[in-house]
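Structure at a glance
Now for the letters of each chain:
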Amino acid sequence: MEIKNYLKALDPYQTKLDKAENAKVKGGKRGADNNAQASGDRVSLSNEAKLRTEAYTTALNTPDVRQEKVNAIKARVDAGEYVVDSRNVAEKLIKEEAELFQ
């Protein structure tokens, strides 16, 4: 099964940031036209928007599966050392279910 990430195109902060960076690159290459560009539209992102974009990009680049954790749990299961506390699992399921209705 292949999961495609369609959310990347929906990130408004990243889109604005990309446009702003492209404008800087184009403006720097033009030199003399840079003064004419200064009076045009400008995009300014808050620090919060920049942090959100950075967090979003980091999340997209993080692998979905932490293979070292999977391998460690598989080894414990194979060795018969992996024990599930069913009472703990049931308590957490009930707690999570109750939080849905609050």
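Throughout what follows, the structure given in this document is the object of discussion. Being a predicted model, the structure only gives us computed values, none of them experimental.

Considering the overall build of the chain
A count of helical and extended segments in the chain gives five helices and zero strands. Listing each helix as α and each strand as β along the chain from the N terminus yields α-α-α-α-α. Looking at the chain as a whole, 7% of its 102 residues are labelled buried. Per element, the accessible surface of the chain, about 9,700 Å² overall, is 52% carbon and sulfur.

Remarks on helix 4 (residues 67–78)
The end-to-end C-alpha distance of helix 4 is 16 Å, a good match for the 16 Å that 12 residues give at a rise of 1.5 Å each. After helix 4 finishes, the residue Gly80 shows a positive phi value of roughly 75°.

Topic: the environment of Gln14
Among the structural elements, Gln14 can be located in helix 1 (residues 12–30). A C-alpha to C-alpha distance of 8.9 Å links Gln14 and Ala49, two positions 35 residues apart in sequence. Residues within four places of Gln14 in sequence aside, it is in contact with Thr53 and Thr57.

A short note on a nonpolar patch on the surface
On the surface, a nonpolar cluster with roughly 530 Å² of combined accessible area is contributed by Ile73, Val77, Tyr82, Val84, Val89 and Leu93. Secondary-structure elements contributing two or more residues to the nonpolar patch are helix 4 and helix 5 (86–100). In this fold, Val77 is placed in helix 4. Its relative accessible area of 47% is what places Val77 among the partly exposed residues.

Reading the values: rules and limits
- Residues numbered from 1 in each chain as written.
- Predicted model: local features only at pLDDT ≥ 70, side-chain atom pairs only at ≥ 80, totals over all residues.
- Heavy atoms only, no water.
- Helix = DSSP H or I, 4+ residues; strand = E, 2+ residues; numbered from the N terminus.
- Buried < 20%, exposed > 50% of the residue type's maximum accessible area, 1.4 Å probe, protein only.
- Areas by Shrake-Rupley, 256 points an atom, 1.4 Å probe, with all protein chains shown as cover.
- Expected span 1.5 Å × (residues − 1).
- Contact = heavy atoms within 4.5 Å.
- Patch = residues over 30% accessible without salt bridge, like charges linked within 9 Å, V, L, I, M, F, W, Y side chains within 5 Å.
- Salt bridge = Lys/Arg side-chain N within 4 Å of Asp/Glu carboxyl O.

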